Amino acid sequence: MCGIVGAVAERNITAILLEGLKRLEYRGYDSAGVAVFTNDGILDRVRRPGKVSELDQALAATPLIGRLGIAHTRWATHGAPCERNAHPHFSGQNLAVVHNGIIENHEALREQLKAQGYVFTSDTDTEVIAHLLAHKLKDLHDLTVALKATVKELHGAYGLAVISADQPDRLVAARSGSPLVIGLGLGENFLASDQLALRQVTDRFMYLEEGDIAEIRRDSVQIWDIDGKAVEREAVQYGDNAESAEKGEYRHFMLKEIHEQPTVVQRTLEGRLSQQQVLVQAFGPEAPELFAKVRNVQIVACGTSYHAGMVARYWLEELAGIPCQVEVASEFRYRKVVVQPDTLFVTISQSGETADTLAALRNAKELGFLASLAICNVGISSLVRESDLTLLTQAGREIGVASTKAFTTQLVGLLLLTLSLGQVRGTLAPGVEATLVEELRRLPTRLGEALAMDSTVEKIAELFADKNHTLFLGRGAQYPVAMEGALKLKEISYIHAEAYPAGELKHGPLALVDNDMPVVTVAPNNELLEKLKSNLQEVRARGGELIVFADEKAGMSNGEGTHVVQMPHIHDILSPILYTIPLQLLSYYVAVLKGTDVDQPRNLAKSVTVE
Ligand code: AGP
């Protein structure tokens, strides 16, 4: 979850490290630090709690000038977010380490190292790596050799970058469970946990694989694989198509990303539809043959991506007649799973680096699934590289921690999957595919209409200014939409929000309803509408204030304690995508009213690369 940047060059690298950290801040932002082998020949560091801007100010006051350095932005796992626990961690005065991940055997190692006389100055698991490496160096002398010996004793996950004042010709790195990429320059080389951090200095990248150790010098890169064998990793060149990291006319990235949804949904559909059908090859050349064998689907994901999977279950069972199970990755990975024959294992992830989802995929490979498919937004992610099939959503870079456009493009990808499976297996009802392909083509326009309600939703948000709790209700495929609405609200406004299937209300949560507990619901015009209306009556009868996003043909209107926002009519199958929009806007405007940090809410990080 933390961000790592490193550089070895002929020029001063501090500004490069700092710019890299700013670009990585979406990964963690509790504290930040930089260590540089300075032109005066010493290893020096500056660390600050809080955001990278704090570090920036500190460096303006105390500049570090040098040609070799590492930097880190932290999302705290072990030890509070304070200067003492911020990376880089030192052993003595000559060795600095930054780390992304969790060392599970840190307590045992700490005791051993203390007994050998090492003094710990932080509460982190990372500091044990610094001292263990320093200890190995006493016998092995060479930094790269010592790192190889050190990682053999580490259990857990790590992306590591290390520099030493005794061997200032290199930066060494190790990857296990946490991504690292080398940026290749001319007479200078770089390292980062995400290529985005290095787009300012290069467009050529080399991705480390699991278990790799790298020695990065100004003019050379050497890599050894998990067995210690010297290997070459392919260098990839990217054109300058990086998404803009600017907010433009928008006050926050989240609002910008909400408004990008018509465009990115359009992009996700491009090249994947023929006149009346989904092009199954969009999932890869082997997809048609493989999909014909699929008899079950197992979906695994986390957070918002999990909610997308929950919606897909309704689609897969209703449209394609395929039994589907959906589970959060952190549970799936530790469960003794019984795999049905011919089950397609599907992961969903914006980042493609979520630790639990990746671990679930790796476990699944041992369990006899038919094949694995990743629905992912990042083509160069671990999840994509390790899956048999891929469908890339085309959401572009999502910077706001609260996932918005990634969710709706995942839903589009999952509907394409549903139609592809149904098409290949011949289980779709006649005419359904052609109708839905047509509806998908109209979807960007419908989303634009929903976004035009921006100011109406902004006014509704005022109802939440003094509230501490909210219930979200939905039925059928709108239940996961309600879950996503509740997640968005709690994530960025810190209001406690819970989602329930509306029919469950009277089995317990109704006891919570009073005039301090607004109830938000989405009401497309479908066969469950009348049942939903009865549930809403139950809320009104207890004094609960209702906020209903309802189909224009649902026959619902404003009344005492009932605020109805009319939604454009849409085919019921696509309604989860459309009804997500007002809930995203609602959370956004409530958070703005509450004055929270919308794009970087407290305690969270964009990419959850630790367990
Ligand atoms: C949602 O707003 C969150 N940021 C979070 O739940 C996220 O969806 C989850 O961590 C999964 O991330 P992924 O899609 O990158 O795997």
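For clarity, every value in this text was computed on a predicted model and none was experimentally measured.

Trainee: I'd love a proper account of the packing of aromatic side chains, names of residues and values included.
Mentor: Considering all chains together, one arrives at five aromatic pairs under this definition. Ring geometry for Phe 332 and Phe 345: centres 5.4 Å apart, planes at 45 degrees, overall tilted. Here Phe 345 lies in strand S18 (residues 343-349) and Phe 332 lies in helix H10 (residues 329-332), a separation of 13 residues in the sequence. Assessed through its relative accessible area of 1%, Phe 345 is described here as buried. Plain terms: the ring middles of Tyr 588 and Tyr 589 are 4.9 Å apart, the flat faces sit at 75 degrees to each other, and that makes the pair edge-to-face. Relative accessible area serves as the criterion here: at 2%, Tyr 588 is assigned to the buried category. Tyr 589 sits in the buried class, given a relative accessible area of 9%. Ring-pair connections join several aromatic residues into one group, and the members of that group are Phe 332, Phe 345 and Phe 369.

Trainee: Please provide a residue-by-residue account of the environment of Gly 66, values included.
Mentor: Summarising the element assignment, Gly 66 is placed in strand S4 (residues 66-74). For Gly 66 and Glu 10, which are 56 residues apart along the polypeptide, the C-alpha to C-alpha distance reads 8.8 Å. Not counting residues within four places of it along the chain, the set of residues in contact with Gly 66 comprises Arg 11, Asn 12, Ile 13, Thr 14, Val 36, Phe 37, Thr 38 and Asn 39.

Trainee: Give a description of the pattern of salt bridges that names residues and reports values.
Mentor: In the structure shown here, the tally under the stated rule is 34 salt bridges. The partner of Glu 210 in a salt bridge is Arg 362, and the shortest N-O contact between them spans 4.0 Å. Within this pair, whereas Glu 210 is found in the loop between strand S11 (204-207) and strand S12 (213-217), its partner Arg 362 is found in helix H11 (residues 355-364), the two being separated by 152 residues in sequence. Exposure remark for Arg 362: the relative accessible area of 26% places this residue in the partly exposed category.

Trainee: So what's going on with helix H17 (residues 529-541)? Which residues, and what values?
Mentor: For H17, which comprises 13 residues, the first-to-last C-alpha distance of 18 Å matches the rise-based estimate of 18 Å (1.5 Å per residue) to within 8%. In the stretch just after H17, Gly 543 is the one whose phi turns positive, near 85 degrees.

Trainee: Could you give me a rundown of the layout of surface pockets, with the residues and numbers involved?
Mentor: Of the pockets and cavities examined, the second largest pocket occupies roughly 570 Å³. Lining the second largest pocket are 26 residues, and of these Cys 302, Gly 303, Thr 304, Lys 606 and Val 608 sit closest to its centre. Counting residues per element, the lining of the second largest pocket draws most heavily on helix H9 (residues 303-319), which supplies three residues. Along the lines of polarity and charge, the residues of the lining of the second largest pocket split into 11 nonpolar, 12 polar and three charged.

Trainee: Which residues make up the site of the ligand, and what values go with them?
Mentor: In the vicinity of the ligand, 15 residues are found, and the nearest of them are Ser 305, Ser 349, Gln 350, Ser 351 and Thr 354. Thr 304 is positioned such that a nitrogen or oxygen atom in its backbone is 3.1 Å from an oxygen atom of the ligand. A distance of 2.6 Å separates an oxygen atom of the ligand from a polar atom in the side chain of Ser 305. Look at the ligand: alone it shows 410 Å² of surface, and the protein chains cover 91% of it. When atoms are counted within 2 Å of each cavity's grid points, the one that captures over half of the ligand is the second largest pocket. Those elements that provide at least two residues to the shell around the ligand are H9 and helix H16 (478-493). When grouped by side-chain class, the residues that make up the shell around the ligand number five nonpolar, eight polar and two charged.

Trainee: Tell me about the UniProt feature "domain: SIS" (unreviewed entry) in the chain, and please be specific about residues and values.
Mentor: In the numbering used here, UniProt assigns the "domain: SIS" (unreviewed entry) feature to residues 287-427 and 460-601. Secondary structure across residues 287-427 comprises 44% helix and 20% strand; the distance between its end C-alpha atoms is 17 Å.

Trainee: How would you explain unusual backbone geometry if you had to name every residue and give the values?
Mentor: For the bond from His 87 to Pro 88, the omega torsion is -5 degrees, close enough to zero to count as cis. Relative to the helices and strands, Pro 88 resides in the loop between S4 and strand S5 (89-91). In this model, Tyr 494 sits at a positive phi of 65 degrees, which is unusual for a non-glycine residue. Within the element layout of this structure, Tyr 494 appears in the loop between H16 and strand S22 (496-501). Among the residues examined, Tyr 494 registers a relative accessible area of 28% and is labelled partly exposed. The phi dihedral of Asn 603 is positive, around 70 degrees, even though this residue is not glycine. Counting through the fold element by element, Asn 603 comes out in the segment after helix H18 (575-594).

Trainee: Outline the nonpolar core, supporting the account with residue identities and numerical values.
Mentor: Note that soluble globular proteins tend to have their nonpolar side chains buried in a common cluster. Formed by 92 residues in total, the largest nonpolar core has its most connected members in Phe 291, Val 297 and Phe 549. Per-element tally for this core: the top contributor is H18, with 12 residues. The contacts of Val 297, once residues within four sequence positions are left out, are Leu 316, Ile 322, Pro 323, Cys 324, Gln 325, Thr 343, Leu 344, Val 346 and Leu 421. Judged by nonpolar contacts, the second largest core, of 28 residues, contains Ile 13, Ala 32, Phe 190 and Ala 192.

Trainee: Would you mind going over the sheet that holds strand S14 (residues 230-231) in detail, with residue names and values included?
Mentor: Taken in spatial order, the seven strands of this open sheet run S5-S6-S7-S8-S12-S13-S14, and their pairing is antiparallel. Every other strand in the sheet has two partners, leaving S5 and S14 as the edge strands with one partner each. Summarising the sheet, strand S6 (residues 95-103) and strand S7 (residues 156-164) pair through nine bridges and their orientation is antiparallel. Bridging across to S7, Gly 101 finds its partner in Tyr 158.

About the criteria used
- Residues numbered from 1 in each chain as written.
- Predicted model: local features only at pLDDT ≥ 70, side-chain atom pairs only at ≥ 80, totals over all residues.
- Heavy atoms only, no water.
- Phe/Tyr/Trp six-rings, centres within 6.5 Å; stacked < 30°, edge-to-face > 60°.
- Helix = DSSP H or I, 4+ residues; strand = E, 2+ residues; numbered from the N terminus.
- Buried < 20%, exposed > 50% of the residue type's maximum accessible area, 1.4 Å probe, protein only.
- Contact = heavy atoms within 4.5 Å.
- Salt bridge = Lys/Arg side-chain N within 4 Å of Asp/Glu carboxyl O.
- Expected span 1.5 Å × (residues − 1).
- 1 Å grid on protein atoms, 1.4 Å probe; cavity = no way out; pocket = protein on both sides within 12 Å on 5 of 7 lines; lining within 4 Å.
- Points joined across faces, edges and corners; volume = space filled by probe spheres on them.
- Nonpolar A, V, L, I, M, F, W, Y, C, P; charged D, E, K, R; others polar.
- Near = heavy atom within 4 Å.
- Polar contact = N/O pair within 3.5 Å; in protein donor to acceptor, adjacent residues only side chain to side chain.
- Areas by Shrake-Rupley, 256 points an atom, 1.4 Å probe, with all protein chains shown as cover.
- Sits in = over half its atoms within 2 Å of the grid points.
- UniProt positions renumbered as here; feature names shortened; annotations may be inferred.
- Core = buried A, V, L, I, M, F, W, Y, C linked by side-chain atoms within 4.5 Å.
- Pairing = 2+ DSSP bridges.

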